[in-house]
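Chains, contacts and geometry: an overview
One letter stands for each residue in the lines below.
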Amino acid sequence: MRAALGLKARTGRAVLVALAGGTDDPQLVERSQIRLLPEGAFAPYHAAEGLRPADARASVRRSIADAHRLAESGIREAARRIAMAGHELGGCAVLVGSGMPDWSTDEILAVHVRMHKAEGELFRDVLVAGARACELQLTTLPDKSALDEASKRLGLTRARLEARLTALGKSAGPPWGKDQKEAAAAALVALGHAKRGSSTAR
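The rules behind these values
- Residues numbered from 1 in each chain as written.
- Predicted model: local features only at pLDDT ≥ 70, side-chain atom pairs only at ≥ 80, totals over all residues.
- Heavy atoms only, no water.
- Buried < 20%, exposed > 50% of the residue type's maximum accessible area, 1.4 Å probe, protein only.
- Helix = DSSP H or I, 4+ residues; strand = E, 2+ residues; numbered from the N terminus.
- Pairing = 2+ DSSP bridges.
- Axes fitted to C-alpha atoms, helices over the stretch in contact; angles between N-to-C directions.
- Contact = heavy atoms within 4.5 Å.

Okay, the pairing of strand E1 (residues 2-10) next. Consecutive side chains along a regular strand alternate between the two faces of the sheet. Judged by how many residues are buried, E1 sits mostly within the fold: seven of nine residues are covered. Pairing geometry for E1 and strand E4 (residues 88-96), over six bridges, is parallel. Opposite Arg 2, over in E4, you have Glu 88 as the bridge partner. Counting the residues in the hairpin turn of E1 and strand E2 (residues 13-20) gives two residues, including Gly 12, whose phi is positive at 75°.

In structure tokens, the structure reads:
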């Protein structure tokens, strides 16, 4: 059965929901998390705060490299589990941010609010890069308006989408909060793209 992933980044981790079948009657395949930082590691820019500039830049570079490695390995492992369950993974949707200026590490560390924004963008970006590295058909949706955008792309009213997500939540059991719903909505969009066989990522 055709399957797709939906991914929503959080600090140091990603919420993953995998769905299979059709967008009208999707089946929950998996609800899990991908770790995006090594065990015990702290948010990259916050961890570098207070270090000497050269040490801070090196620390951030290491953390970014770790996040890329863990995102790719986590997505690849999820794809393996889905294949082992008898499904064909046809796509992956990632909830993304609005981007940020081309600030240097020093410029980010100089203003605390920039550190939060940079970390948010980092964890979303590594999921996009991980999906591409795994050669999955990639779809992106804006994180801030995930459900509205999913409704539009699926041709559903917001109420019908919410009902579909609620039904998936009942089959999944707790936890099934905002993060899981938004990841599931993204997976539904990816499932629709995979079903159509579109090669164009948005």
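Below, the discussion takes up the sheet that holds E4. Sheet architecture is open: five strands sit in the order E3-E2-E1-E4-E5, paired in mixed fashion. Among the strands making up the open sheet, the edge pair consists of strand E3 (27-35) and strand E5 (138-142). Within the sheet, the average angular offset between the axes of one strand and its neighbour, ignoring direction, is 20°. Summarising the sheet, E1 and E2 pair through eight bridges and their orientation is antiparallel. Within E2, the position partnered with Leu 7 by the bridge is Leu 16. Here helix H4 (residues 112-133) sits on the sheet in contact with E1, E2, E4 and E5, set at roughly 160° to E4. Sitting on the sheet, helix H5 (residues 146-154) is in contact with E4 and E5, with an inclination near 125° to E5.

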